[in-house]
Every structure is written in C-alpha cells, then in structure tokens.
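Coordinate inspection notes
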Amino acid sequence: MADNTVKVTKEIETTKSSHYALNDQPPMGRRFLLGLQHMLAMFVGVITPPILIANAAGLGAAETSFMVSMTLIMSGIVTFVQCKRFGPIGAGLLGVTGTSFTFVPMAMAAANAGGIPLVLGMAMVTAPVEILLSRFLKQIRSLFPPLVTGTVVTLIGLTLIKTGMQDFAGGAGAENFGSLSNLLLGSFVLVIIIIASRFGSGLIKLGAIAIGLISGYIISIPLGLIDFTPVFNEGWLTIPRPLYFGLDFDFAHLLPWMIAYVVTSIESIGDLTAIAETSGEPVNGQLHQDRLSRGLLAEGLGSMISSLFNVMPNTTFSQNIGVIQITKVGSRVVGYVVAVLLLLLGLFPKFGAVISVMPAPVLGGATLALFGMIASAGVNIVTKNGFSDRTAFIFSISLSIGLGVTYFPEIAQSLPAFLEVLFSSGVAVGAVLAVFLNLIVPEE
C-alpha cells in the first residue's frame, strides 16, 4: 500500500512539473489523474444547485437523485462538446462546464412559484439570449465591465448565503431547526473545509469543499442521521428521460432569467479568456474572438438541450482555471476524461441517491463556505483595477439596493406582475442598477 501511495504521489508531482499545451497528448495515467483533479475541483459546484432547487420545489429523494444524475450526465456531454469543438460549437479549450450558481436565485423563485416545470421552461425559453450574445460579443462587452459583472457575482454569493445558513441550521421546515446537533455538524464540515483550504496543498486544497462534505457525511452515518432506504430502492442505471418534469412558462419571470444569461455569458468570457491564457494560448485577435463565440454558443445550446433533459443551464466553471494553473496542463484531451467521469457518475443512480440523502447541515456547512467564496470572488473582480470613488459609489448603491430587495421582496407586491418578479430578485435589480449607473455616472 505504501509503495502504491509513493507511486501515485510521484505521478502527481511529475504531472505538475510537466507542461502540455492545448493539443498535446499526456500519457493515459497522467491524463486520468489530471481529469480526476478537475472533476473533484468542480464536483460540489455541479451537484449543489440541483439539490437546492429540488429542496425548494419540495421534491422527494428519488426525484432529487434523478435530477442530480441528469445534471452530471449533461455536464459531461456539454464539457465534451466545449473541449472537442464541433464546427462552430465549442471553444476547443480545456473548459469544464456545469450548472451555474448564477441561475440559482431565479430558479428558486420559479420553483416556489411553479415547481420544477417552470424552472426548466424558463431556462429553455431564455437560452437563446446567450446564443444571440455569442454572435455580438464586440457590441456587448462594453456594457459589462468588471465593475458590473463583479457587482452581480458579489450579489449572487451574498443572496445565497441565506439558503446556506438555513441548511446549516437543519433545513427549511425541520423540526429540530437550529438545534445544537445541527449547528455542531455544520460547524464540523466548515472547520474541515477551512483546514483543508488554508493548510492543505495541491489536490487537498482544490478539493477542500468535497473533503468537508465527505467528512460530514461519514460522521452522520454512525449518528443515525441518514436514511439509506432511497439508496437501496434506487436502480443501478439511469435512463435519461426528456421532459420528465415537463415545461412551463410565466412571462413575469422572463426578465430575471434573461439577465442571468447575460451575466453568465460575461462570466464565461472571462473564464474562457483565463483558460486560454493559462494554457499558453493567445487572448487577443480573431482566433480568441472566434473561440469565445463558439464557447458561448456551446453553453447556450447546451443549456437549451439540458432543459429538455431536466437540467438547469450550464456554464464554464471558474474553479478549474486554478487546476490548470497548478498542473501547468492545458491539454483539452484532459477535458475528455472529465466528461467521461461525469457521465459515468451520472449513469449510476445509486450515486445520485447517496447524495440526495445528505443531511441538510452537511450541505449547509459546505455551501456557506462556497457562497462566501463566490461573494469574495465578485469583490476581487470589482477591485482588480483599483477602487476609485466612482467604483465605490456604483458598487455600494447596487449592492445595498440588491440586498435590500432580497431582505424585503414584498416591497414589489404592488407593482405589475412582470415588474414584481424582477424587483423581487435582488440579483436582477442589482444588475440592472449597476449597468444603468455605469452608463450615466461620468468617469473621474
């Protein structure tokens, strides 16, 4: 066992010291290890949104497990298309895709109003927004500078913290909500994440949130907090079933979802640019412009098709940029490995069932850390080029109004229906306000 451990450790160290460019072919052993690191880095980010939305819609363990499985399957498919490139679709870079947290606030509002069918219907109907944006990148980029996108990302993280804290205390409607046992379990997960993130290195650091989740899950078993009945009752193979939940539409939810697609498009432009840069590829010129257009087109089409297969929209994951930076490997064939791993995990429903019975405090401990990281990433985007008086003004006003609406969404109840939904979403209000102020407030 010790010899195997030394062998694997040396393999990882050798991988990190090597550099494989975009079209290089790492050996199969290294390719698998690299793909595994990418999968672990983004795994929690992929499975958390469907769990949150399933909980908001009141789904049972079996349906939640099905959503998780389908999410992993579609994540694998869209990742393969993004890395491989098929004609005008796909950036052809090592871009790993998965369900975006950008859509969680809008999806939770839709789930509360009309269940999963409304979530999927709105996701599909508004997906053409990203498809159209992929054709007009030059025209729209000036409307969404880092100040605007950073403000929106910060709002996404801050508005989701309420959901994370609710799970931390036991979950919505829990009889023992806020009990000492729930708080201790959530705190245990959070402490593990802090230790792994701050004192770990390499794979331990990248997989800090996954390590925290697994640790909390294992501790919950002897405490009798997990009922494995749904796992035993689940089958061995997931058969994708399009339109399993159906589709619904409500015009009142249209604008927030359109804004979410604009925001995630701008985020993906930044992520794909960072991936190209860390992979040693040009980030200027027509080649890069074409890659961005193809990448957004893959995401838009992938999100539309995902909706038909019961999955929320997909986007390129930022977490995996860090893996490229650490490993110095930008070979897109590594993305093929990630895609296969995600497909295999999704095809076996017992795996999704194991996740669906996770205690709420375990998920809450992890998501509190994750949402806080999202918020801090937004602040970093805003302040990357300095923090002038103008930046501070736009950021603070957009943030305060967006959070105010989040705390008191009922202030919009007297507005027309389509405006009520918009102004009950703190993220949507903050995004519109940031764009507007950025246009009218003069440069210093």
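Coordinates for the structure precede this section.
Residues numbered from 1 in each chain as written. Predicted model: local features only at pLDDT ≥ 70, side-chain atom pairs only at ≥ 80, totals over all residues. Heavy atoms only, no water.

Within the element layout of this structure, serine 303 appears in helix 13 (residues 285-308). Apart from residues lying up to four places away in sequence, serine 303 is in contact with Ala127, Tyr261, Pro313 and Asn314. (Helix = DSSP H or I, 4+ residues; strand = E, 2+ residues; numbered from the N terminus. Contact = heavy atoms within 4.5 Å.)

Here we take up the packing of aromatic side chains. Per the counting criterion, the structure on display carries eight aromatic pairs. When the centroid spacing of 5.3 Å and the interplanar angle of 55° are considered together, the rings of phenylalanine 80 and tyrosine 336 count as tilted. With a gap of 256 residues between them, phenylalanine 80 in helix 3 (residues 61-84) and tyrosine 336 in helix 15 (residues 333-347) connect regions that are remote in the sequence. Phenylalanine 80 gets classed as partly exposed once you look at its relative accessible area, which sits at 33%. An aromatic cluster of at least three residues, connected via ring pairs, comprises Phe66, Tyr244 and Phe245. (Phe/Tyr/Trp six-rings, centres within 6.5 Å; stacked < 30°, edge-to-face > 60°. Buried < 20%, exposed > 50% of the residue type's maximum accessible area, 1.4 Å probe, protein only.)

What follows deals with a nonpolar patch on the surface. A grouping of Trp236, Leu237, Ile239, Val340, Leu344 and Phe348 is seen on the molecular surface, where their side chains present a nonpolar patch of about 680 Å² in accessible area. Counting through the fold element by element, leucine 344 comes out in helix 15. Residue leucine 344 is classed as partly exposed on the basis of its relative accessible area of 44%. (Patch = residues over 30% accessible without salt bridge, like charges linked within 9 Å, V, L, I, M, F, W, Y side chains within 5 Å. Areas by Shrake-Rupley, 256 points an atom, 1.4 Å probe, with all protein chains shown as cover. Salt bridge = Lys/Arg side-chain N within 4 Å of Asp/Glu carboxyl O.)

If you trace the backbone, threonine 149 turns up in helix 7 (residues 146-168). Taking the relative accessible area as the measure of exposure, threonine 149 reaches 11% and is therefore buried. Taking the C-alpha atoms as reference points, threonine 149 and isoleucine 218, 69 residues apart in sequence, are found 38 Å from one another. Ignoring any residue separated from it by four or fewer positions in sequence, one finds threonine 149 in contact with Phe144, Ile266 and Ile381.

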